[in-house]
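One letter stands for each residue in the lines below.
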Amino acid sequence: RQVANISMKDAAFIPIGSEQAPFSGSYDGNGYSISDLTVESTDERKYIALFGCSTGTVSNVKIKNFSISNTSTFGNAYSAALVAYNKGTVKDCHVNADVSAKTLAEGTFAFSGGLAAISPSFSIRNCSFSGEVYSKVSDIDSYAYSGGISASGYGAENCQNYGTIRAEGAASSD
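Residues numbered from 1 in each chain as written. Predicted model: local features only at pLDDT ≥ 70, side-chain atom pairs only at ≥ 80, totals over all residues. Heavy atoms only, no water.

A.B. asks: Explain the overall build of the chain residue by residue, including any values.
C.D. replies: A count of helical and extended segments in the chain gives 0 helices and 21 strands. Taking 2.2 N^0.38 as the reference for a compact globule, 174 residues should give roughly 16 Å; the C-alpha atoms of the chain span a radius of gyration of 14 Å, in line with that estimate. Its C-alpha atoms give the chain principal-axis dimensions of roughly 45 × 35 × 30 Å. Burial status across the chain gives 47% buried among its 174 residues. (Helix = DSSP H or I, 4+ residues; strand = E, 2+ residues; numbered from the N terminus. Rg over C-alpha atoms; globule rule 2.2 N^0.38 Å. Buried < 20%, exposed > 50% of the residue type's maximum accessible area, 1.4 Å probe, protein only.)

Pasting the structure below:
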């Protein structure tokens, strides 16, 4: 449980949870904020967000002034402010961030979401997003997906997007 506001300014950062070892616990932001995180990743990690991959519960988190950028020269790119690959639950979270995902390789996908890049279940509830989300692909056989709440998934419940959403490239969806 978070007990104070946290500034990530100039912090070295590795996302919490990975594809091989997803975050599986419970994180309660307790209404406090996490602010000022800047991540510019190129081919370092597939999933870039505060939580890279999660099967757990993330709740009551306020994210302010995040800038997340993930560029892949050889594979897919997944970017979000809160959870890049969400197989868990996200509830009562509010995000202000600029998020981008870009791919440069043939036949790849760029997923960029305000709260989650991918969320394959109805597991995001009572959340909001403001800021900018941008996805870009450079190859005709590639796809760019962008969303204020999630770039790809089966839906969200009682969520609001106040941000700007853009997808650019051969086949795009925003």
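A.B. asks: Can you lay out the packing of aromatic side chains for me, pointing to particular residues and giving the numbers?
C.D. replies: In the structure shown here, the tally under the stated rule is 9 aromatic pairs. Both rings, one in Tyr27 and one in Phe51, keep their centres 5.8 Å apart while their planes meet at 65 degrees; by these two values the pair is edge-to-face. Placement of Tyr27 in strand 2 (residues 26–28) and of Phe51 in strand 6 (residues 51–54) is noted, with a sequence separation of 24 residues between them. Here Tyr27 and Phe51 have matching classes, each one buried. The interplanar angle of 5 degrees and the centroid separation of 5.2 Å between the aromatic rings of Tyr78 and Phe111 together place this pair among those described as stacked. (Phe/Tyr/Trp six-rings, centres within 6.5 Å; stacked < 30°, edge-to-face > 60°.)

A.B. asks: Break down the sheet that holds strand 2 for me, citing the residues and quoting the values.
C.D. replies: Reading across the sheet, the 4 strands line up as 2-7-11-15 and stay open at both edges, with parallel pairing between neighbours. The open sheet has two free edges, formed respectively by strand 2 and strand 15 (124–125), since each of these has just one partner strand. Here 3 bridges tie strand 2 to strand 7 (residues 57–59), and the two strands are oriented parallel to one another. In the strand pairing of strand 7, Tyr27 is matched with Val58. (Pairing = 2+ DSSP bridges.)

A.B. asks: Run through the nonpolar core, naming residues and quoting values.
C.D. replies: If you look at the biggest cluster of nonpolar residues, it comprises 29 residues, and the most contacted ones within it are Phe66, Leu82 and Leu115. Among the secondary structure elements, those contributing two or more residues to this core are strand 8 (62–72), strand 12 (94–103) and strand 16 (128–137). (Core = buried A, V, L, I, M, F, W, Y, C linked by side-chain atoms within 4.5 Å.)

A.B. asks: Account for the sheet that holds strand 14 (residues 116–119), naming residues and giving values.
C.D. replies: Within a sheet, adjacent strands bond to each other through the backbone by hydrogen bonds, running parallel or antiparallel. Read across the sheet, 4 strands follow the order 6-10-14-18 without closing on themselves; strand pairing throughout is parallel. On the outer flanks of this sheet lie strand 6 and strand 18 (150–153), each paired with one strand and no other. The sheet shows a mean angle of 5 degrees between the axes of neighbouring strands, direction not considered. Direction of pairing for strand 6 relative to strand 10 (residues 83–86): parallel, over a ladder of 3 bridges. What sits directly across from Cys53, in strand 10, is Tyr85. (Axes fitted to C-alpha atoms, helices over the stretch in contact; angles between N-to-C directions.)

A.B. asks: Account for the pattern of salt bridges, with residues named and values stated.
C.D. replies: Using the criterion set out here, one finds 4 salt bridges in the structure. In this structure, Glu19 engages Lys46 in a salt bridge whose closest nitrogen and oxygen atoms are separated by 3.7 Å. Remark: Lys46 occurs in the loop between strand 4 (38–42) and strand 5 (47–48) and Glu19 occurs in the loop between strand 1 (6–7) and strand 2; sequence separation between them is 27 residues. Overall, Lys46 belongs to the partly exposed group, its relative accessible area being 34%. The partner of Arg166 in a salt bridge is Glu132, with the nearest N and O atoms 3.1 Å apart. Taken together, the residues Arg166 in strand 20 (residues 164–168) and Glu132 in strand 16 connect sequence positions 34 residues apart. Classification of Arg166 as partly exposed rests on a relative accessible area of 37%. (Salt bridge = Lys/Arg side-chain N within 4 Å of Asp/Glu carboxyl O.)

A.B. asks: Please set out the pairing of strand 9 (residues 77–80) residue by residue, giving values where relevant.
C.D. replies: With burial as the criterion, each face of strand 9 is covered, one bearing Ala77 and Ser79 and the other bearing Tyr78 and Ala80. In this structure, strand 5 lies alongside strand 9, joined through 2 bridges in parallel fashion. The residue of strand 9 that forms the bridge with Ile48 is Ser79. Of the pairings in the sheet, the one linking strand 9 to strand 13 (residues 109–113) comprises 4 bridges and is parallel in character. Looking across to strand 13, one finds that Ala77 is bridged to Ala110.

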